[in-house]
Amino acid sequence: MPVERSALTEHPTPGVRCRFCGSAHVHRSRRRGLKEGVLYRLALLAPARCSQCQARYATLSLRFKAGRHKRYRNFLEFIGLRDFRAQRKAAIYIAVTLVGVVLVYVVATVLLMMVK
Ligand SMILES: [Zn+2]
């Protein structure tokens, strides 16, 4: 597993200990994917990374001070889609869905007007 250089903090987080090795050098890890971006948030969980043993696991997000991490550039990044490919895929999916909804609405409206 590649070692993740964290831009968040390299300092020990007070009151947080690694679940696996007990080290105090546990820091907040960035959210990856929809599971961590959406489901973890709903459950008030955040990914944590141990600098000692490199373990990465979910922990209560309240354990970490808010506002220390970088702001998100867009909504897709906020919900955990960090890499460009995943964001592009999601953007295309959303656009196609919106166009589909508009088309269904227009077709339905025209059909209803024809019935009357
Ligand atoms: Zn550890």
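Below is a summary of the structure that appears in this document.

1. Quick notes on the overall build of the protein chain
Part 1 of the argument: Counting its secondary structure elements, the protein chain contains three helices and three strands.
Part 2 of the argument: Traced from its N-terminal end to its C-terminal end, the protein chain shows the element sequence β-α-β-β-α-α.
Part 3 of the argument: Residues classed as buried in the protein chain amount to 12% of the 116 residues present.
Part 4 of the argument: Across the protein chain, the fraction of contacts at a sequence separation of at least 24, relative to all contacts at a separation of at least 6, is 49%.

2. A few points about unusual backbone geometry
Part 1 of the argument: At L44, a position not held by glycine, the phi torsion is positive, near 60°.
Part 2 of the argument: Within the secondary structure, L44 sits in the loop between α1 (33–42) and β2 (45–50).
Part 3 of the argument: Classification of L44 as exposed rests on a count of 10 C-beta atoms within 10 Å.
Part 4 of the argument: Notably, Q54 is not glycine yet its phi reads approximately 70°, a positive angle.

3. Details of the pairing of strand β3 (residues 56–60)
Part 1 of the argument: The pairing of β2 with β3 spans five bridges and is classified as antiparallel. Residue pairing across strands places R49 opposite R56, the latter belonging to β3.
Part 2 of the argument: Between β2 and the antiparallel strand that follows it, β3, lie five residues; Q54 among them carries a positive phi value of about 70°.

4. Comments concerning the sheet that holds β2
Part 1 of the argument: An order of β1-β2-β3 is seen for the three strands of this open sheet, with the pairing classed as antiparallel. Because the sheet does not close on itself, it has two edges, and the strands there are β1 (26–28) and β3. Each strand axis lies, on average, 45° off the axis of its neighbour in the sheet, ignoring direction.

5. A short note on the pairing of β2
Part 1 of the argument: Alignment of β1 against β2, held across three bridges, turns out to be antiparallel. Residue R28 lies in a different strand from β2, and its bridge partner there is A48.

What counts as what
Residues numbered from 1 in each chain as written. Predicted model: local features only at pLDDT ≥ 70, side-chain atom pairs only at ≥ 80, totals over all residues. Helix = DSSP H or I, 4+ residues; strand = E, 2+ residues; numbered from the N terminus. Buried ≥ 20, exposed ≤ 12 C-beta atoms within 10 Å, placed from the backbone. Contact = placed C-beta atoms within 7 Å. Pairing = 2+ DSSP bridges. Axes fitted to C-alpha atoms, helices over the stretch in contact; angles between N-to-C directions.

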